[in-house]
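Analysis of the macromolecular model
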Protein chains: 2
Amino acid sequence: MGQNTNGTRQRLIDTAQALIWKSSYGAVSVDDICKAADVKKGSFYHYFPSKVDLAVATMEESHAQLKVIYDECFSPGIGPLARFEKLADAVYQAQVETAAKYGMVCGCPCASMSSEMACQEDSVRNKFEEISRRQERYYETALRDLVADGLLPGDTDVRAKAEEIYAYFLGQLTMARIQNSLESLKQNLKPGLLRTLGLKQTLAGAA
Amino acid sequence: MGQNTNGTRQRLIDTAQALIWKSSYGAVSVDDICKAADVKKGSFYHYFPSKVDLAVATMEESHAQLKVIYDECFSPGIGPLARFEKLADAVYQAQVETAAKYGMVCGCPCASMSSEMACQEDSVRNKFEEISRRQERYYETALRDLVADGLLPGDTDVRAKAEEIYAYFLGQLTMARIQNSLESLKQNLKPGLLRTLGLKQTLAGAA
DNA sequence: TCATGATTTGACCGGTCAGTCAACTACTAT
DNA sequence: ATAGTAGTTGACTGACCGGTCAAATCATGA
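First, a word on what this report is: a plain description of the structure on this page. Keep in mind that what you see is a predicted model, and the values were worked out from it rather than measured.

Contacts to DNA strand C come from 16 residues, most closely from Thr8 and Ser43 of chain A together with Val30, Lys41 and Lys51 of chain B. At the protein interface, 57% of the atoms of DNA strand C within 4 Å belong to sugar or phosphate. In the model, a base oxygen of DNA strand C is placed 2.8 Å from a nitrogen or oxygen of the Lys41 of chain B side chain. A distance of 2.9 Å separates a phosphate oxygen of DNA strand C from a polar atom in the side chain of Lys51 of chain B. Counting residues per element, the ones that place at least two in the surface near DNA strand C are α3 (41–47) of chain A together with α2 (30–37) and α3 (41–47) of chain B. Top element by residues in the surface near DNA strand C is α3 of chain A. It accounts for 4 residues.

Further remarks concern the environment of Asp89 of chain B. All names here are of chain B. Of note, Asp89 is situated in helix α5 (residues 80–102). Exposure remark for Asp89: the relative accessible area of 41% places this residue in the partly exposed category. With 96 residues separating them in the primary sequence, Asp89 and Leu185 have C-alpha atoms 9.9 Å apart. Among the polar contacts listed, one links the side chain of Asp89 to the side chain of Lys190, at a separation of 3.3 Å.

Copy one and copy two of the chain differ by a rotation about a common axis and a shift along it. If you rotate chain A by 180° and push it 0.0 Å along the axis, it lands on chain B with an RMSD of 0.0 Å. A rotation of that kind, with that shift, is consistent with a two-fold axis. Within chain A, the C-alpha atom positioned nearest to the axis of rotation is that of Gly171 of chain A, 1.7 Å from it. Most of the interface of chain A is mirrored in chain B, where 100% of its interface residues again form contacts.

In this section: the interface of chain A and chain B. On the chain B side, the residues contacting the 37 residues of chain A number 37 residues. For the pair chain A and chain B, the summed buried area comes to about 3200 Å², and 58% of that belongs to carbon and sulfur atoms. Counting the surface chain A buries against chain B, the share from its top three residues, Cys119, Ile178 and Arg195 of chain A, is 21%. Linking chain A with chain B are 2 salt bridges. In this structure, Arg195 of chain B engages Glu164 of chain A in a salt bridge whose closest nitrogen and oxygen atoms are separated by 2.4 Å. Linking chain A to chain B there are 10 residue pairs in polar contact (both at pLDDT 80 or more).

To continue, consider the side chain of Glu85 of chain A. Residue and element names in this part refer to chain A. By secondary structure assignment, the location of Glu85 is in helix α5 (residues 80–102). Within the buried core, Glu85 has no salt-bridge partner, and the shortest N-O distance to an opposite charge, that of Lys190, equals 5.2 Å. Ignoring sequence-local partners within four residues, the contact set of Glu85 consists of Lys190 and Leu194.

Turning our eyes to something else, we now look at the pattern of salt bridges. Summed over all chains, the structure comprises 29 salt bridges over all chains. In this structure, the salt-bridge partner of Lys67 of chain A is Asp71 of chain A, at a minimum N-O distance of 2.7 Å. One end of the pair is Lys67 of chain A and the other is Asp71 of chain A, both in helix α4 (residues 51–73) and 4 residues apart, which spans about a single turn. Note on Asp71 of chain A: relative accessible area 38%, which makes it partly exposed. Arg134 of chain B serves as the salt-bridge partner of Glu130 of chain B, at 2.6 Å between the closest nitrogen and oxygen. Pair noted here: Glu130 of chain B and Arg134 of chain B are both in helix α7 (residues 122–148), with a separation of 4 residues, about one helical turn. Exposure remark for Glu130 of chain B: the relative accessible area of 36% places this residue in the partly exposed category. Arg134 of chain B gets classed as partly exposed once you look at its relative accessible area, which sits at 25%. Among the charged side chains, a salt-bridge network with shared partners connects Arg133, Glu136, Glu140, Arg159 and Glu163 of chain A.

Scoring rules and cut-offs
- Residues numbered from 1 in each chain as written.
- Chains lettered and ligands numbered in written order.
- Predicted model: local features only at pLDDT ≥ 70, side-chain atom pairs only at ≥ 80, totals over all residues.
- Heavy atoms only, no water.
- Near = heavy atom within 4 Å.
- Polar contact = N/O pair within 3.5 Å; in protein donor to acceptor, adjacent residues only side chain to side chain.
- Helix = DSSP H or I, 4+ residues; strand = E, 2+ residues; numbered from the N terminus.
- Buried < 20%, exposed > 50% of the residue type's maximum accessible area, 1.4 Å probe, protein only.
- Least-squares fit on C-alpha atoms with pLDDT ≥ 70 in both.
- Contact = heavy atoms within 4.5 Å.
- Buried area = accessible area lost by both parts, 1.4 Å probe.
- Salt bridge = Lys/Arg side-chain N within 4 Å of Asp/Glu carboxyl O.
- Lys, Arg positive; Asp, Glu negative; His and termini not counted.

What follows is the structure, given as structure tokens:
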């Protein structure tokens, strides 16, 4: 179970992630992935039992990459509101970098793939559920701190609010992907997130 | 250019809309559509130059169906805030009916398909742009009435707010589709929409 | 040295893909 | 009647699909 000599498996994951993110699961074939990763078909099926299994692995990979950002943004060392602001900035920045790398706005890889496949592949739906849950837990912690700071009412349903925030990001990123534009993300992501938080009183402008 | 004897073309559109909505563009083949619509392959290509052209036609069809709902909800006969509330109810109700019809929560057909294909097919992206724009115009009218009623500040960027509302629906519906659940839609769609509106003062509870 | 298991290779499979085509049918206008 | 047109049919194409497989290669440790 240790790491294999070459990074064949990882190379397949990275390549598939990029190709699927840029287009879609259905539009990318196993042959496409193999060719781009310089891996022969037989090797592919040595590491993954099927195409969808690789897809699920790319979702986990995407989450792992995002986790680095989340861990930094949600450091308890800073105030809870500032954490969300940091997150909005980081998400936007990540989209800018991805757009530069792939030549188009790609949105959230997990969301796009799940929207395409969740209705047919339970493994994808379950993976999405797992990943979204993990991200929502970051929100919940910060939301509880907002309650403690008196910025949110004491009876706030933290779990529901966290889901709402996740759905908010999903909507913004999906929209940006379809429109292939970073503009509304730049304009609206942060203020919209703050509005979604539904703070008792708006603290304008510190930053 | 008149209507053809039988509704072959329309049958293809309706069938494709249902099949793609339930799964995805990539997972549905032209043969699948033809078989389900009881239309021979040759006839398919008599009416549509390609598979994506049919897909774009289903987007227009989806919009036409939604337009009926919109026209009713956004009747100027009722207050602007009540229009949005009516819309939230109607969107939820439509999802309930679709879920019952197809056995799963399907979300927004245009959004799912566009998220899947917009990165590769400009015709899809353009159609989405056209349709989303048409829907946003309903929001803009109601938003201006909200401003006139003093429920929104006079300097509200109505265009941007309309886009935000559209993105909000898109996020909620995509989430519901992936999770295959109407629950959060039922709980959150209306209050979240009202929060997205960002009214100066909340008018709790009438009806 | 040899045995063992992990990895790689490329030929191969049957089925399906989007799309084509020439022939055929049915309606319509003259 | 007949010519033109719109619609229909199903056989066909060649490329591509996801997936299989047996044989070859490699690394490792006894």
